[in-house]
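For reference, the chains in residue letters:
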Amino acid sequence: MESYPKIFRQAWRVSWGKRALWPLALVVVWMNTLAEVGLVQWSFNPGEPGLLVNLWRGIAATGLFSLRGLTAIGARFRESPTATAQVLLMIILLLAVLAAATWLSVVAQGAYVHNAAYADAGRSLQIAAGWRHSRRNFWRLLSLNILAKCAIAALFGALLLSLRLPWPVFAVLFLAGAVLVLWCAALLKLAVAAVILEDRRTFDAIGRALGLFTRYGKDAFGMLGTLTVVTFLSTAVLLVVVMLALIPFFLLLGISRILTFTAGERFYFYLSWLTVAAIVAFVVTIVNGLHWSAWTLSFARWATHHKSERVR
């Protein structure tokens, strides 16, 4: 059986070489677990509150979900039915957009796995066929994503509760929690591969993913560590590239301001943000595709090897 470095190199060839998979990798970002790596990196800072802590404190400070806040909202709705209808309409539209984005992202997960397996086997990509196959398994894939998100949210919640513990204890718990979060993210990708490549049901797919990860634990944790390091390094490189890309725009903005060229100032401002968005989207697409390719190919190798061992 191939070791994880060889699988990783092949995954890179698939994610980089098959440009037709890039749109799928970008769409998957909406429901992607790649963000867990960033959350582990930035959410908890021993010197000051991190992302999740500040977010929770900000929501709590508004009092929106307190008894007083909910009472005020109810009174406002009774006073102005028109405002109530407008708010409800906005909520419905927002939910519709979120539902559409979620459906698109979940189906794209299965389509990516389907085509990454085709590419690994040396066959031509079947984007449309992969999309149809994934669409038929939408509810299984959605269930896997929901379960993974709930597990990850529970882990982060437990880490939040442990913030008041002594620093050495929190450090140990944080390290263990970070590994578990990244492990859940990897299991999701393996379980999606089990649904798409072996037509397994939700909990059967989870069991299959757990079984393969445990059986090939050395390679699995090797792949997990490699992908995590690549993601951290990509984040650092991305920051440097973005700063270098913004330098010309800063100069143009400064010249436009000196010359009181208002239209040009606005143009360069929006162009700079479009450039940053394009760079970020490109890097996220490649790294995201690498994650999904790596775990799809790992699943294929481990499943095949496991079957051959059982035949013996």
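Every value quoted in this text rests on a predicted model; they were computed, and no experiment measured them.

Rules used in this analysis
- Residues numbered from 1 in each chain as written.
- Predicted model: local features only at pLDDT ≥ 70, side-chain atom pairs only at ≥ 80, totals over all residues.
- Heavy atoms only, no water.
- Core = buried A, V, L, I, M, F, W, Y, C linked by side-chain atoms within 4.5 Å.
- Buried < 20%, exposed > 50% of the residue type's maximum accessible area, 1.4 Å probe, protein only.
- Helix = DSSP H or I, 4+ residues; strand = E, 2+ residues; numbered from the N terminus.
- Contact = heavy atoms within 4.5 Å.
- Expected span 1.5 Å × (residues − 1).
- Phe/Tyr/Trp six-rings, centres within 6.5 Å; stacked < 30°, edge-to-face > 60°.
- Lys NZ or Arg CZ within 6 Å of the ring centre and 35° of its normal.
- Patch = residues over 30% accessible without salt bridge, like charges linked within 9 Å, V, L, I, M, F, W, Y side chains within 5 Å.
- Areas by Shrake-Rupley, 256 points an atom, 1.4 Å probe, with all protein chains shown as cover.
- Salt bridge = Lys/Arg side-chain N within 4 Å of Asp/Glu carboxyl O.
- pLDDT = per-residue confidence, 0-100.

1. With respect to the nonpolar core
For step 1, the next point in the chain: Counting residues in each nonpolar core, the largest one holds 49 residues, and the members touching the most others are Leu190, Val192, Trp295 and Trp302.
For step 2, the next point in the chain: Mapped by element, the contributors of at least two residues to this core are α1 (4-17), α2 (22-27), α6 (81-120), α8 (138-161), α9 (167-198), α10 (202-215), α11 (217-258) and α12 (262-311).
For step 3, the next point in the chain: Examining the composition of this core, we find that 11 residues originate from one element, α9, more than from any other.
For step 4, the next point in the chain: In this view, Trp295 contacts Ala186, Lys189, Leu190, Phe213, Ala220, Met223, Leu224, Leu227 and Trp302; residues no more than four positions away in its chain are not counted.
For step 5, the next point in the chain: Core analysis: the second largest hydrophobic core is formed by eight residues, Leu155, Phe156, Leu159 and Phe170 among them.

2. Topic: α8
For step 1, the next point in the chain: Taking 1.5 Å per residue as the helical rise, α8 with its 24 residues ought to reach 34 Å, and the 34 Å between its terminal C-alpha atoms agrees with that figure.
For step 2, the next point in the chain: Listed as buried for α8 are Phe138, Arg140, Leu141, Leu142, Leu144, Asn145, Ala148, Ile152, Leu155, Phe156 and Leu159.

3. With respect to unusual backbone geometry
For step 1, the next point in the chain: Within the chain, Asp199 stands out as a residue other than glycine whose phi angle is a positive 55°.
For step 2, the next point in the chain: Relative to the helices and strands, Asp199 resides in the loop between α9 and α10.

4. Topic: the packing of aromatic side chains
For step 1, the next point in the chain: Evaluation of the coordinates by the stated rule reveals 11 aromatic pairs.
For step 2, the next point in the chain: Centroid distance Phe213 to Phe221: 5.1 Å. Interplanar angle 85°. Geometry classified as edge-to-face.
For step 3, the next point in the chain: Residue class for Phe221 comes out partly exposed when judged on its relative accessible area of 45%.
For step 4, the next point in the chain: By the ring-pair criterion, three or more aromatic residues cluster together here, those being Trp183, Phe213, Tyr216, Phe221, Trp295 and Trp302.
For step 5, the next point in the chain: Taking the ring centre of Trp16 as reference, the NZ or CZ of Arg19 above it sits at 5.1 Å.
For step 6, the next point in the chain: Taking the ring centre of Trp292 as reference, the NZ or CZ of Lys189 above it sits at 5.2 Å.

5. Considerations on a nonpolar patch on the surface
For step 1, the next point in the chain: A cluster of nonpolar side chains, namely Trp30, Leu88, Ile91, Leu94, Leu95 and Leu98, defines an oily patch on the protein surface of about 570 Å² accessible area.
For step 2, the next point in the chain: One can find Leu95 in helix α6.

6. Observations concerning the confidence of the model for the protein
For step 1, the next point in the chain: The pLDDT averaged across the protein works out to 82; a share of 79% of its residues lies at or above 70.
For step 2, the next point in the chain: Here helix α3 (residues 35-42) stands out as the least confident element of the protein, with mean pLDDT 48; α10 is the most confident, with 95.
For step 3, the next point in the chain: Here residues 33-37 is modelled with pLDDT under 50, and outside its nearest four sequence neighbours on either side it reaches 16 contacts, counting other chains as well.
For step 4, the next point in the chain: Low pLDDT, under 50, characterises residues 39-52; the predicted model gives this stretch 29 contacts beyond four residues in sequence or across chains.

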